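What follows is the residue order along each chain.
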Amino acid sequence: MKKKKIEKAFLPVSKDEMVERGWYYYDFLVVTADAYIDHPSFGTAIIARVLEAEGYRVAVLAQPDWHSADAFREMGRPRYSVMIGGGNIDSMVAHYTAAKRRRSDDAYTPGGKAGRRPDRATIVYTSGSTGTPKGVELTHRNFAFLVLSALQYMPRAGAWPNRRLLLFLPLSHVFARFLEFFSFGGTISLALSSNMKTMVKDFETFGPTLLLAVPRVYEKVYNAASQRAGTGFAGKMFMRAAENAREWSKAEQKGEQLPITGRIAHAFYEQVVYKKIRTIFGPNADFAITGGAPMDSELSHFFNGIGMPVLEGYGMTETCGPVCVSLPEDNRIGTIGMPMCGITAGIAEDGELVVKGPLVCKGYHNNPGVTAQQITDGWLHTGDLGDISEDGFISITGRKKDLIITAGGKNVSPGLLEASVMTSPVVNQCLVIGDKKPFVAALVTLDLADANNWLESQGAKPEPDLASLAKNAIVHAEVERAVNAANEGVSRAESIRKFEILPDEFTEANGMLTPSLKTRRAQIVEHYRELIDDVIYVPLKK
């Protein structure tokens, strides 16, 4: 008798530790029971539309998300709602154990029967930064291949003895799903956390060997260290140590060494500055990986220079995880490394990065038109502009959809400019604009807590809200400094000529950020249309 597949939709929303564990148990339970699972992480309205269109029978929600349950019930979809909470974790573990007993152990190894199956393991809905979220169909084979590829390519991360990983990402993010399987396929002890406020304490208590975070986390670590040093003698020492670290890294990248005075200074700062910063990452930290957004090269050189290399990686939902990543022993700053084992990358005629291999998704759920457009002859069109060096290192130069073409015909990739401005201790988000405009400009939002901490470290008074902060002359000067620093790396035609500090934020709630915290460019530009058209680009008087 053929097994009946039960389709399920997941809505991860709670930060409660037991709920976090619950998602992992349920994830394994459903996958091993031959069911499809889906992890949308959007608002109730969007999820309701997905449920209605796809006909899911069961929704699994985190307690106490009764609001969503009521909304789904009124809609008539799905037929059942299941709540995950501390009280039913043991029951879920028992169900998972029973399901495992019913199947051979071969089904649970990356190279086993499940790992060779081409059928669907999950549907992951993209964050939809440019439109309606699309359901990406990923197979058991996709995940199994990528786990084996990563273990072979970077054994230091997951195949050496006693590897430890602290995971902050929710299972709605495909990279978290991959790491879940990667941990079980390798030698990793996996710990779960969803509270960024306890991040440093968690690093200390759990002691991860591998760190994974978006560039913003490393920016905050740097800025926090700078602010703790203050503006006096300690502050000046920190700035000299930071500059020495960057110089040491740049020399190392060229295969050179600093002059003897620079090497002596580096050894001194190792004892009094660098070692203390590294303790933030816990007692066992080996190296760190970042992705999801461009990493400012000066920040990369800083961490490399203090002995904590931050390796850039690249992947997308359609590849069920990483395509490439830099290696600790061969870290070329400014690149995302080489493709992992069994993966091929190329550059199309228009400069787009394309990827081929068993990691490429099956397609887009119930959307054959988009599937045919995005995947041609096995090549996945990533939507990112890139370059490949003669020795195989890949660089991302921008995003096709984000490419700005000014009125003067200059092509500008905003990502690196934005990443540079966002290294400022007061900046939260930066969006570079200028498509079909006479010059490039930027919209900047502030981080209230970080900006006030920075103001106090400068001997100034904090501000009560973002509106007051946006008008603060000292903050304005700091943003201007960050913009000028970003402009040093580009031509005048590509530089930010004007910027506006906004009195509010880009958030997921107001529709300006995706669940994975990427900016929704079109929505932001439309929201601030009047400011852009009447203030930044002042109309010519007739």
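Preceding block: the structure.
It should be emphasised that the depicted structure is a prediction, and the values quoted were computed from it without experimental measurement.

Student: Report on the overall build of the protein chain, specifying residues and quantitative values.
Tutor: Helix and strand counts for the protein chain stand at 20 helices and 24 strands. Every one of the 542 residues in the protein chain was classed for burial, and the buried ones make up 52%. If you take every contact in the protein chain between residues at least 6 apart in sequence, the share linking residues at least 24 apart comes to 64%. When the accessible area of the protein chain is evaluated, it comes to approximately 25,200 Å², of which 54% is carbon and sulfur surface.

Student: I'd love a proper account of the environment of Ser495, names of residues and values included.
Tutor: With respect to the helices and strands, Ser495 occurs in the loop between helix H18 (473-487) and strand E24 (496-501). According to the relative accessible area criterion, Ser495 is buried, its value standing at 7%. Placed 54 residues apart in sequence, Ser495 and Ala441 show a C-alpha to C-alpha distance of 8.1 Å. Excluding residues that lie within four positions of it along the chain, Ser495 makes contacts with Val440, Asn487 and Val490.

Student: I'd like a rundown of the pattern of salt bridges, residues and numbers included.
Tutor: Evaluated as defined, the whole model comprises 22 salt bridges. Note that Lys220 and Asp450 form a salt bridge whose closest N and O atoms lie 2.5 Å from each other. Of this pair, Lys220 sits in helix H10 (residues 215-229) while Asp450 sits in helix H16 (residues 448-457), placing them 230 residues apart in sequence. Between Glu526 and Arg529 there is a salt bridge whose closest N-O contact spans 3.7 Å. Judged by its relative accessible area of 52%, Glu526 falls in the exposed class. When its relative accessible area of 33% is taken as the criterion, Arg529 is described as partly exposed. Ionic contacts of the salt-bridge type, sharing partners, join the residues Glu243, Arg246, Lys250 and Glu298 into one network.

Student: Before we move on, could you go through the pairing of strand E5 (residues 120-125) and cite the residues and values that matter?
Tutor: For E5, the buried fraction is high: six of the six residues fall into the buried class. Pairing geometry for E5 and strand E6 (residues 135-139), over five bridges, is antiparallel. By the bridge assignment for E6, Arg120 is matched with Thr139.

Student: Any details on the nonpolar core? Residues and values, ideally.
Tutor: Among the nonpolar cores identified, the biggest contains 49 residues, and Leu138, Met154, Phe182, Ile289, Ile343 and Leu359 are the most heavily contacted of them. With seven residues, helix H6 (residues 140-153) is the single largest residue contributor to this core. Here Leu138 is in contact with Arg120, Ala121, Thr122, Val124, Phe143, Val174, Thr317, Glu318, Cys320 and Cys361, once residues within four sequence places are set aside. Membership of the second largest hydrophobic core comes to 32 residues, among which are Ala241, Ala245, Val273 and Phe302.

Student: Before we move on, could you go through H16 and cite the residues and values that matter?
Tutor: Buried residues of H16: Asp450, Ala451, Asn452, Trp454, Leu455 and Ser457, and no others. Of the surrounding secondary structure, the elements contacted by the buried residues of H16 are H10, helix H17 (466-471) and H18. Positioned one or two residues after H16, Gly459 has a phi angle of 80°, which is positive.

Student: So what's going on with the environment of Leu353? Which residues, and what values?
Tutor: Looking at the element boundaries, Leu353 is found in strand E15 (residues 352-356). The sequence separation of Leu353 and Ile394 amounts to 41 residues, and the corresponding C-alpha distance is 9.1 Å. Beyond its immediate sequence surroundings of up to four residues, Leu353 is in contact with Tyr314, Ala345, Gly346, Ile347, Leu380, His381, Thr382, Asp384, Gly386, Ile394 and Ile396.

About the thresholds
Residues numbered from 1 in each chain as written. Predicted model: local features only at pLDDT ≥ 70, side-chain atom pairs only at ≥ 80, totals over all residues. Heavy atoms only, no water. Helix = DSSP H or I, 4+ residues; strand = E, 2+ residues; numbered from the N terminus. Buried < 20%, exposed > 50% of the residue type's maximum accessible area, 1.4 Å probe, protein only. Contact = heavy atoms within 4.5 Å. Areas by Shrake-Rupley, 256 points an atom, 1.4 Å probe, with all protein chains shown as cover. Salt bridge = Lys/Arg side-chain N within 4 Å of Asp/Glu carboxyl O. Pairing = 2+ DSSP bridges. Core = buried A, V, L, I, M, F, W, Y, C linked by side-chain atoms within 4.5 Å.

The values reported here are purely geometric and, on their own, carry no functional implication.
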